[in-house]
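Architecture at a glance
Each chain, written out:
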Amino acid sequence: MANTILTQEDKDQLLKPIDEYVGKIQDEIDQLRADGATLVRQLENHMILLKDDKSLNKEERANRIAEDKEALAKAREVEAKNRAEVDALVKKAETYINAHFDKDYLEPIKASCEAERQAIEKDYEQAIGKLKNEHEAELSKTSDKAEIKDENYVYKNRLYDQKMRRDLKLQAVKDEEHEAFVYRYHLIDKLRMSHFTFGQNMAQRRENYKYTFNAQQFLLQNGLYFVIIMVFVVLGIVTPMVKGSPLFTYNNILNILQQASPRMFYALGVAGLILLTGTDLSVGRMVGMGMVASTIIMHQGPNTGTVFGKVFDLTKMPLAGRAILALLVCIVLCTIFTSIAGFFTAKFKMHPFISTMSNMLIIFGMVTYATKGVSFGSIDQKIPAMVIPKINGRFPTIIIWAVAAIAIVWFIWNKTTFGKNLYAVGGNPEAASASGISVFRVTLGAFILAGILYGFGDWLECNRMVGSGSAAYGQGWDMDAIAACVVGGVSFTGGIGKISGVVVGVLIFTALTYSLTILGVDTNLQFVFEGIIILAAVTLDCLKYIRKK
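This write-up is about the structure you can find in this document. Since the structure is predicted, the reported quantities are computational estimates derived from the model, not experimental observations. Per chain, residues are indexed from 1 in the order of the written sequence. Reporting of local features is limited, given that this is a predicted model, to residues whose pLDDT is at least 70; pairs of side-chain atoms are given and counted only at 80 or more, and all residues count toward the totals for whole chains, interfaces and linings. Side-chain numbers here rest on the full set of heavy atoms in the structure, without hydrogens or water.

Strands here are runs of E lasting at least two residues and helices are runs of H or I lasting at least four, both read from the DSSP assignment and numbered beginning at the N terminus. A tally of helices and strands in the chain yields 18 helices and 2 strands. Here the globule rule is a power law, 2.2 Å times the number of residues to the power 0.38, and the radius of gyration is based on C-alpha atoms. For 549 residues, the compact-globule formula gives about 24 Å, and the C-alpha radius of gyration of the chain, at 33 Å, lies well above that figure. A principal-axis box enclosing the C-alpha atoms of the chain has dimensions of 95 × 90 × 55 Å. The classification of residues rests on relative accessible area computed with a 1.4 Å probe and restricted to protein chains. Under 20% of the type maximum is buried, over 50% is exposed, and intermediate values are partly exposed. Scored against the burial criterion, the 549 residues of the chain give a buried share of 41%. The contacts of the chain with a sequence gap of at least 6 include a subset with a gap of at least 24, amounting to 79%. For accessible areas, the Shrake-Rupley method is used with a probe of radius 1.4 Å. Any residue's cover is judged against the shown protein chains and nothing else. A total accessible area of about 30100 Å² is found for the chain, and carbon and sulfur atoms account for 60% of it. The positive charge centre, built from 60 side chains, and the negative charge centre, built from 56, are 9 Å apart in the chain. Any two residues having at least one pair of non-hydrogen atoms within 4.5 Å are treated as being in contact. For this count, His and the chain ends are skipped, Lys and Arg are scored as positive, and Asp and Glu as negative. To locate a charge, the coordinates of NZ of Lys, CZ of Arg, CG of Asp or CD of Glu are taken.

Phi at phenylalanine 308 takes a positive value of approximately 55 degrees, unusual for a residue other than glycine. Position of phenylalanine 308 among the secondary structure elements: in the loop between helix H8 (283–298) and helix H9 (319–348). Relative accessible area serves as the criterion here: at 61%, phenylalanine 308 is assigned to the exposed category.

A few words on helix H4 (residues 145–192). Helix span, as expected, comes to 1.5 Å for every residue beyond the first. Its 48 residues place the ends of H4 69 Å apart at the C-alpha level, agreeing with the 70 Å of an ideal helix rising 1.5 Å per residue. Under the rule applied, a polar contact is a pair of N or O atoms within 3.5 Å (in protein, one hydrogen donor and one hydrogen acceptor; residues adjacent in sequence only if both atoms are side-chain atoms). The backbone nitrogen of alanine 146 lies 3.0 Å from a side-chain oxygen of the residue at the head of H4, namely aspartate 144. Of the residues one or two after H4, methionine 193 is the one with positive phi, at around 55 degrees.

Moving on, we come to the packing of aromatic side chains. Each aromatic pair joins two rings of Phe, Tyr and Trp (for Trp, the six-membered one) with centres within 6.5 Å, and gets the label stacked for planes under 30 degrees apart, edge-to-face for over 60, and tilted for any other angle. Evaluated as defined, the whole model comprises 20 aromatic pairs. With 6.3 Å between their ring centres and 40 degrees between their planes, tryptophan 401 and phenylalanine 456 make a pair best called tilted. Of this pair, tryptophan 401 sits in helix H12 (residues 398–415) while phenylalanine 456 is found in helix H15 (residues 439–465), placing the two residues 55 residues apart along the sequence. Judged by centre distance (5.9 Å) and plane angle (55 degrees), the rings of tyrosine 473 and tryptophan 477 are tilted. Both residues of the pair, tyrosine 473 and tryptophan 477, belong to the buried class.

Time to look at the side chain of aspartate 478. Examined against the element boundaries, aspartate 478 turns out to sit in helix H16 (residues 477–487). Salt bridges are counted wherever a side-chain nitrogen of Lys or Arg sits within 4 Å of a carboxyl oxygen of Asp or Glu. We note that aspartate 478 is buried and unpaired, the nearest opposite charge coming from arginine 285 at a distance of 6.4 Å. Beyond its immediate sequence surroundings of up to four residues, aspartate 478 is in contact with Asp280, Leu281, Ser282, Val283 and Gly284.

What follows is about the environment of leucine 6. Relative to the elements of secondary structure, leucine 6 occurs in the segment before helix H1 (8–34). When the C-alpha atoms of leucine 6 and tyrosine 124 are compared, they prove to be 20 Å apart, with 118 residues separating the residues in sequence.

Under the defined criterion, the tally for this structure stands at 13 salt bridges. The closest approach of N and O atoms between arginine 117 and glutamate 177, which form a salt bridge, is 3.0 Å. Taken together, the residues arginine 117 in helix H3 (residues 58–140) and glutamate 177 in helix H4 connect sequence positions 60 residues apart. Of the residues examined, arginine 117 reaches a relative accessible area of 23% and is grouped as partly exposed. We note a salt bridge from glutamate 138 to lysine 141, for which the minimum N-O separation is 3.6 Å. Overall, glutamate 138 belongs to the partly exposed group, its relative accessible area being 36%.

Counting residues in each nonpolar core, the largest one holds 95 residues, and the members touching the most others are Leu268, Met298, Tyr454 and Trp459. Considering each element in turn, this core owes the most residues, 13 residues, to helix H7 (residues 250–275). If near-sequence neighbours (up to four positions away) are discounted, tryptophan 459 is found in contact with Ser294, Met298, Ala323, Ala326, Leu327, Cys330, Val387 and Trp401. Put simply, buried Ala, Val, Leu, Ile, Met, Phe, Trp, Tyr and Cys residues joined by side-chain atoms within 4.5 Å make one nonpolar core. Of all hydrophobic cores here, the second largest spans 29 residues; its members include Ile18, Ile97, Tyr105 and Leu187.

This part is about the packing of H8 against H15. Working note: a packed helix pair is described by the angle between its axes plus the distance between those axes. Two elements in contact, H8 and H15, have axes whose closest approach is 8 Å; the angle formed by their N-to-C orientations is 55 degrees. Relative to H15, the element H8 is oriented oblique. Note on packing geometry: the crossing formed by H8 with H15 is right-handed. From H8, Val283, Met286, Val287, Gly290, Met291, Ser294, Thr295 and Met298 reach across to H15, where they touch Tyr454, Asp458, Trp459, Glu461, Cys462, Asn463 and Met465. In the contact of H8 with H15, the residues fall into 9 nonpolar, 4 polar and 2 charged. Where helices are involved, their axes are fitted lines through C-alpha atoms of the stretch in contact, as for all axes, and angles between N-to-C directions lie from 0 to 180°. Under this scheme an angle from 65 to 115 degrees is roughly perpendicular, one under 35 degrees roughly parallel, and one over 145 degrees roughly antiparallel; angles in between are oblique. Note on convention: the crossing is left-handed when the near helix lies turned anticlockwise from the far helix by less than a right angle, right-handed when the turn is clockwise. Each residue gets one label: Ala, Val, Leu, Ile, Met, Phe, Trp, Tyr, Cys and Pro are nonpolar, Asp, Glu, Lys and Arg are charged, and the others, such as Gly, are polar.

A few words on a negative patch on the surface. Grouping into patches uses exposed residues only, defined as over 30% relative accessible area, and leaves out salt-bridged ones; the cut-off is 9 Å for like charges and 5 Å for nonpolar side chains (Val, Leu, Ile, Met, Phe, Trp, Tyr). Together, Asp27, Glu28, Asp30 and Glu85 give the surface a local cluster of negative charge. Among the elements that take part in the negative patch, H1 stands out by supplying 3 residues, more than any other. Position of aspartate 27 relative to the elements: it lies in helix H1. The exposure class assigned to aspartate 27 is partly exposed, which follows from its relative accessible area of 44%.

Here it is, written out as structure tokens:
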């Protein structure tokens, strides 16, 4: 049967001895489980239903549950008693499946499918050849341009129809081959009551990945990453040649992670807004505001600059108190401004571009006016040593702060009602509102969360840089944060994005900037590289959106 296309009757005959052998064992297992494992599941499900049954009063519910618990205890005793015999039967059936399923059923099916594919391709080539001959014959009958144009159009449509027919037939063959593979796990599923082993789960995942894999979609989703990896490979090769030392050393990687850590907070905050089809243009100015506020509070000695003409000196406060106060002030200031932008966005349907641009102007104007645009010097170096110490003098613990933020935001996005609502509102606010979700609260909540993250980022950046806060600090960081989200796959179409993508985006941009700086590439040219990457990322995102539509 190596090159034969099997009929459905042939396939049934191949499968019959396997079904019969495993079916007999399954019947034995079902009998052993009837008063044990099967009854345990039934009773557990029944107790769940009883707890939600509003037709019962409290006493009736308690009595029914007590009866189920008593029966459950007996069923578990039966299950434990029969477990060894059931496990032996399961092992016997699986041993038979492993010995016979592939050899006696799956491999003949695959051979049949391959023969069917070859036949489909042959039929397709013959049909295309026939259409071509007919097309050329029609063209030879006329010299009229309009008729030639019509004939070319008809020919093109016929070619497309043939291709679609071929693709549908090939997909049907692919489905058949996949179903044959899956049938093994249908048998095992019944034997094991859906408790697959790790190896069985991995085998199913590999098959599902191969079955659903689409090369074009894969390139759309990952093509940019391949290009960026190639860029870093080239940088890794060029840097030793130009600078005489490797690029990706342990110290350089730590420096990249250290620089990326505060930026991670800004990107995570902006990502939530982009998820709602929004953005935030005020991030850079909030960095400057937070740096100024943190430096004033944690300054070493009396401040060198003034705020509205007043010099602050908080050196009498304990170091820990000043550090905590600086963090709280940063969070409060940033959250106030993001809440204002969030309110106008949610209440008046104002585009975040406008509300956050207004914030950007207000913050920069206020901070520059209050401080006359001067730098406030450095903070007490004992505070960074306490807040973000280096383990063994090398490993910067600021990275741990970033990892914690990533874990918390991931939990919020994926494991809370607010996170699910965030995706729902971003995907379709009208449908989310119709289903009872408060679009106003979700939008405002996303802005508040962003403000908290910005505040933490400001505080950590101040500790990393040991102060030197000024209103101009952080210029352009809003674009970096937005770019990192876009490159990481957070779509401006809304409701699409993962935390892992944001993390990758931040690391890519930080590493790229660091690498180009080491190579001595002019800062202005670095902007060119970033612009090209952003354009490519958004283009791919738009292509994915167009394909979906």
